[in-house]
Amino acid sequence: MRVSAVFLRCLSVLALSFAALQATAAAAAPEKRPPNVVVIFTDDQGYQDVGCFGAKGIRTPNLDRMAAEGMRFTDFYAAQAVCSASRAALLTGCYPNRIGILGALFPKSKIGIHSNEMTIPMLLKSRGYSTAMFGKWHLGDSPEFLPTRHGFDEYYGLPYSNDMRPKHPNTNFNFPPLPVIEADRVIATNPDQSRLTGTYTDRAIRFIEAHRDTPFFLYVAHNMPHVPLYASERFRGRSQRGLYGDVIEEIDDSVGRILQTLRQRGLDQSTLVIFTSDNGPWLVYGDHGGSAGPLREGKGTSFDGGMREPCIAWWPGKIPAGTVCREVAGTIDVLPTIARITGTPLPADRVIDGRDLSPLLFGTRGARSPHDAFFFYWDRELQGVRSGPWKLHFPHSYPKPVVFGKEGLPGRATTQKIGPALYHLDSDPGETRDVAANHPAVVRRLEALAEACRDDLGDSRTGRAGRRVREPGRLENPTGPLPAQASTPTLTP
Ligand code: MG
């Protein structure tokens, strides 16, 4: 009898303790739940192709509102001015040269992102996130390399660029039918591209709705505005900037729908959204390419027009509204920033080039760029280095359009040379006035930063191999004949 009474008393104490624990957990739950993260990544969108970045003839009310409610970055860089390299950097927080993904991978690529690399979704899976990607992958199209093998629970999209299809204007390429992939299966080929932006958006919204009660990471990587351009019927003919403007206005509508879903579901205060692009405008396509505005050149070059991107970060209540950040930052910083705000440790067994941007994002007084130097590579060649407002170009060649294309056909570019040349980007964002002769000490300082980088990441111009570079993933047993893969894309087919 006495034993039973003690037992019952113990049970009631346990029940009370359990109830108290539950109450504590419930009260703490909103604090403990890490924020959702949405990254919206466009393809070949120019620095000036957003209203709040000075677009002409293109209306982007949703992106403008996003900036008014968040932070606009004026000096935000992609890691290289070409698709695969840029995407590899975004997802791993590393310069593309660090992890061996360069250029634009072609269909049936024998390489892809290495399974040992830590991607953003892999990092967040360790924190219990649901993860999804809708759109362009371009980090290897074999099943081994697809998004579902690199941390994404769900994937739907094109495995590479939308021009890698049988109708490519350069008939030498002879591309196979363009696949649409769901998870790791081809479910269709040669899709109606006018529906891509809308379909990715619909899927993104469905994913948010389905996962609104648990933390999620969503990566929307639009194929647009990479050529060939397609807008859905509702957007065709709407802008004053032709089909290119229509495409951007549809992307803007997509951003608006995603942000509105977050607001309606009460997730706006618990979701970081980042909008940016993989590289600058493809200028040789003329009216079907974007505009870098005041910046020099475009895609395929290491000038700022090729690598500086429009970037907006949004997290109401956390990121101060209507702010502008003029510090140097870039896509390599997205992974370390997400790690910090979600309380997820970064892997300690490897170099991660990016840095945490949260002091900048949260408007911490006196916050500065975490980068003493930012490096500009094209493929394996170190072409430039930026430190503060100074940018030093080393001698290199670059494509310069001399005939601009029309209506989806490319024009013609010539090869030009530059460097060494020093520019002061604050007073000369167009990289037009070489002031190296007036600032020999600055040139020496930037040259020393570059020399350390060559030792670390390599440089084909000076014949240097990087000491701390890693291998990409490779297909061990490729089956059947595979087409040649270009590490450097042909920019002027
Ligand atoms: Mg691109």
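What counts and what doesn't
- Residues numbered from 1 in each chain as written.
- Predicted model: local features only at pLDDT ≥ 70, side-chain atom pairs only at ≥ 80, totals over all residues.
- Heavy atoms only, no water.
- Helix = DSSP H or I, 4+ residues; strand = E, 2+ residues; numbered from the N terminus.
- Rg over C-alpha atoms; globule rule 2.2 N^0.38 Å.
- Buried < 20%, exposed > 50% of the residue type's maximum accessible area, 1.4 Å probe, protein only.
- Contact = heavy atoms within 4.5 Å.
- Areas by Shrake-Rupley, 256 points an atom, 1.4 Å probe, with all protein chains shown as cover.
- Lys, Arg positive; Asp, Glu negative; His and termini not counted.
- Charge placed at Lys NZ, Arg CZ, Asp CG, Glu CD.
- Pairing = 2+ DSSP bridges.
- Axes fitted to C-alpha atoms, helices over the stretch in contact; angles between N-to-C directions.
- Domains from an automatic or database assignment.
- Buried area = accessible area lost by both parts, 1.4 Å probe.
- Donors = N, O, S within 2.8 Å, 3.2 Å for Na, K, Ca; no water.
- Tetrahedral: all angles 85-135°; square planar, octahedral: opposite > 155°, others 65-115°.
- Phe/Tyr/Trp six-rings, centres within 6.5 Å; stacked < 30°, edge-to-face > 60°.
- Core = buried A, V, L, I, M, F, W, Y, C linked by side-chain atoms within 4.5 Å.
- Expected span 1.5 Å × (residues − 1).
- Parallel < 35°, antiparallel > 145°, perpendicular 65-115°, else oblique.

## Structural notes on the overall build of the chain
Then, in step 1: Helix and strand content of the chain: 11 helices and 21 strands.
Then, in step 2: Relative to its length of 493 residues, the chain is compact, with a C-alpha radius of gyration of 24 Å against a globular reference of 23 Å.
Then, in step 3: In the chain, which comprises 493 residues, the share counted as buried stands at 57%.
Then, in step 4: Considering only contacts within the chain whose residues lie at least 6 apart along the sequence, 70% involve residues at least 24 apart.
Then, in step 5: Of the roughly 20,100 Å² of accessible surface on the chain, 52% is carried by carbon and sulfur atoms.
Then, in step 6: For the chain, the separation between the mean place of its 57 positive charges and that of its 51 negative charges on side chains is 3 Å.

## Section: the sheet that holds strand β14 (residues 381–387)
Then, in step 1: Overall, antiparallel pairing links the 4 strands, which are arranged β13-β14-β15-β18 in an open sheet. This sheet does not close on itself; its edge strands, each paired only once, are β13 (374–378) and β18 (421–424). If you compare each strand with its neighbour and ignore which way they point, the axes differ by 20° on average.
Then, in step 2: Direction of pairing for β13 relative to β14: antiparallel, over a ladder of 5 bridges. Paired with Trp-378 across the two strands is Glu-381, which belongs to β14.
Then, in step 3: The strands touched by helix α11 (residues 440–457) within the sheet are β13, β14, β15 (390–393) and β18, with β14 carrying the most contacts at an inclination of about 130°.

## Thoughts on the domain arrangement of the chain
Then, in step 1: Partitioning the chain into structural domains gives domain 1 (36–372) and domain 2 (376–468).
Then, in step 2: Using only C-alpha atoms to locate each centre, domain 1 and domain 2 end up separated by 24 Å.
Then, in step 3: With 31 residues of domain 1 in contact, the opposing surface of domain 2 contributes 37 residues.
Then, in step 4: For the domain 1 and domain 2 pair, buried surface summed over both sides reaches about 2,900 Å², with 56% attributable to carbon and sulfur atoms.

## Remarks on the coordination of the magnesium ion
Then, in step 1: Binding of the magnesium ion to the protein goes through Asp-43 (OD), Asp-44 (OD), Cys-83 (SG), Asp-278 (OD), Asp-278 (OD) and Asn-279 (OD1), at separations of 2.0 to 2.7 Å.
Then, in step 2: Around the magnesium ion sit 6 donor atoms, and with donor-metal-donor angles ranging over 53 to 160° the site reads as irregular.
Then, in step 3: As a motif over one chain, the donors of the magnesium ion read D-D-x38-C-x194-D-N.
Then, in step 4: Using a relative accessible area of 0% as the deciding quantity, one classes Asp-278 as buried.

## Quick word on the packing of aromatic side chains
Where two aromatic rings form a pair, the distance of their centres and the angle of their planes describe that pair.
Then, in step 1: The tally for this structure, following the rule as stated, stands at 20 aromatic pairs.
Then, in step 2: With 6.3 Å between their ring centres and 90° between their planes, Trp-137 and Phe-152 make a pair best called edge-to-face. Of this pair, Trp-137 sits in the loop between β4 (130–135) and β5 (154–157) while Phe-152 sits in the loop between β4 and β5; the two residues are 15 residues apart in sequence, bridging distant segments of the chain.
Then, in step 3: Overall, Phe-152 belongs to the buried group, its relative accessible area being 3%.

## Considering the nonpolar core
Then, in step 1: Within the largest apolar cluster, 88 residues are counted, with the highest numbers of intra-cluster contacts made by Met-66, Leu-218, Ile-258 and Leu-262.
Then, in step 2: Broken down by element, this core gets its largest block of residues, 8 residues, from helix α7 (residues 242–264).
Then, in step 3: When residues are assigned to domains, this core turns out to be shared by domain 1 (36–372) and domain 2 (376–468), each giving three or more.
Then, in step 4: Discounting chain neighbours no more than four positions away, the residues touching Ile-258 are Val-38, Ile-40, Thr-201, Ala-204, Ile-205, Ile-208 and Val-220.

## Points about helix α6 (residues 196–210)
Then, in step 1: An ideal rise of 1.5 Å per residue puts 21 Å on 15 residues; α6 measures up with 21 Å between its terminal C-alpha atoms.
Then, in step 2: Buried within α6 we find Leu-196, Thr-197, Tyr-200, Thr-201, Arg-203, Ala-204, Ile-205, Phe-207 and Ile-208.
Then, in step 3: Those residues of α6 hidden inside the fold are in contact with β4, β5, β6 (179–182), β8 (216–221) and α7.

## Digging into the packing of α6 against α7
Then, in step 1: Packing of α6 against α7 leaves a shortest axis separation of 10 Å and a crossing angle of 10°. Between α6 and α7, the angle falls in the class roughly parallel. Contact residues: Thr-197, Gly-198, Thr-201, Asp-202, Ala-204, Ile-205, Ile-208 and Glu-209 in α6; Glu-250, Ile-251, Ser-254, Arg-257, Ile-258, Thr-261 and Leu-262 in α7.

## A word on unusual backbone geometry
Then, in step 1: For the peptide bond that leads from Val-227 to Pro-228, omega is -5°, which places it in the cis range.
Then, in step 2: By the element assignment, Pro-228 lies in the loop between β8 and α7.
Then, in step 3: One non-glycine residue, His-138, adopts positive backbone phi at about 70°.
Then, in step 4: Mapped onto the fold, His-138 is located in the loop between β4 and β5.
Then, in step 5: Unlike most non-glycine residues, Asp-379 shows phi in positive territory, near 55°.
Then, in step 6: Relative to the assigned elements, Asp-379 resides in the loop between β13 and β14.

## Describing the environment of Pro-179
Then, in step 1: Along the chain, the position of Pro-179 falls in strand β6.
Then, in step 2: Pro-179 sits in the buried class, given a relative accessible area of 10%.
Then, in step 3: Remark: the alpha-carbon pair of Pro-179 and Phe-404, spanning 225 residues in sequence, is separated by 30 Å.
Then, in step 4: With near-sequence residues (within four places) excluded, Pro-179 lies in contact with Gly-157, Leu-158, Pro-159, Tyr-160, Val-186, Ala-188 and Thr-189.

## Quick look at the pairing of strand β9 (residues 271–277)
Then, in step 1: Most of β9 sits inside the fold, with 7 of its 7 residues counted as buried.
Then, in step 2: The alternating pattern of β9 places Thr-271, Val-273, Phe-275 and Ser-277 on one face and Leu-272, Ile-274 and Thr-276 on the opposite face, and all of these are buried.
Then, in step 3: Pairing analysis gives 3 bridges linking β9 to strand β10 (residues 308–314), with the strands arranged antiparallel. Bridging across to β10, Val-273 finds its partner in Trp-314.

## Some thoughts on the packing of helix α2 (residues 61–69) against α7
Then, in step 1: Where α2 contacts α7, the axes come no closer than 7 Å and their chain directions differ by 50°. As far as their axial angle goes, α7 and α2 are oblique. Contacts from Pro-61, Asn-62, Leu-63, Arg-65, Met-66 and Glu-69 of α2 reach α7 at Asp-252, Asp-253, Val-255, Gly-256, Leu-259, Gln-260 and Arg-263.

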